[in-house]
Amino acid sequence: VQLVESGGGLVQPGGSLRLSCAASGFTFSSVGMSWYRQAPGKERELVAQINSAGGSTNYADSVKGRFTISRDNAKNTVYLQMNSLKPEDTAVYYCSTRFPWRDYWGQGTQVTVSS
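A. Expanded view of the pattern of salt bridges. Using the criterion set out here, one finds five salt bridges in the structure. Between R37 and D89 there is a salt bridge, and its shortest N-O distance comes to 2.9 Å. Placement of the pair is R37 in strand β4 (residues 33-38) and D89 in the loop between β8 (77-82) and β9 (91-99), with a sequence separation of 52 residues. R37 sits in the buried class, given a relative accessible area of 6%.

Dropping the structure here:
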């Protein structure tokens, strides 16, 4: 199983970024996917989830209405569109998937929101 995030960077408050997570090594279309984030000195927190077919999503209250999770099962990729970014969104963002025997994580991508 391999998860590789990309798309992070430095953005000004109010700006947008789209994160991507390319998956391999498993049947992507059969599993739900999640985005988490971890800010310095804080615990990792769940940002958004999407089911295997992409028809059901769930968001942390702090990002509702600003972030959108989506997936393309033909490309084995999950996305996180982030709009109206705030300084408090600054964190390392990770994609993840859960199997009965363990969770898998990508290496993370840094998002910094600053003027």
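B. Main features of the nonpolar core. Core analysis: the biggest nonpolar cluster contains 31 residues, and W35, V78, L80, M82 and Y93 have the highest contact counts within it. Those elements that place two or more of their residues in this core are β3 (17-24), β4, β5 (45-50), β7 (67-72), β8, β9 and β11 (109-113). Setting aside residues no more than four positions away along its own chain, M82 makes contact with G15, S16, L17, L19, R66, F67, Y93 and V111.

C. Local environment of the state of the cysteines. Applying the stated criterion across every chain yields a total of one disulfide. Covalent S-S linkage joins C21 and C95, the inter-sulfur distance amounting to 1.9 Å. Disulfide C21 to C95: torsion about the S-S bond roughly 45 degrees, handedness right-handed. With a gap of 74 residues between them, C21 in strand β3 and C95 in strand β9 connect regions that are remote in the sequence.

Procedures and definitions
Residues numbered from 1 in each chain as written. Predicted model: local features only at pLDDT ≥ 70, side-chain atom pairs only at ≥ 80, totals over all residues. Heavy atoms only, no water. Salt bridge = Lys/Arg side-chain N within 4 Å of Asp/Glu carboxyl O. Helix = DSSP H or I, 4+ residues; strand = E, 2+ residues; numbered from the N terminus. Buried < 20%, exposed > 50% of the residue type's maximum accessible area, 1.4 Å probe, protein only. Core = buried A, V, L, I, M, F, W, Y, C linked by side-chain atoms within 4.5 Å. Contact = heavy atoms within 4.5 Å. Disulfide = S-S within 2.5 Å.

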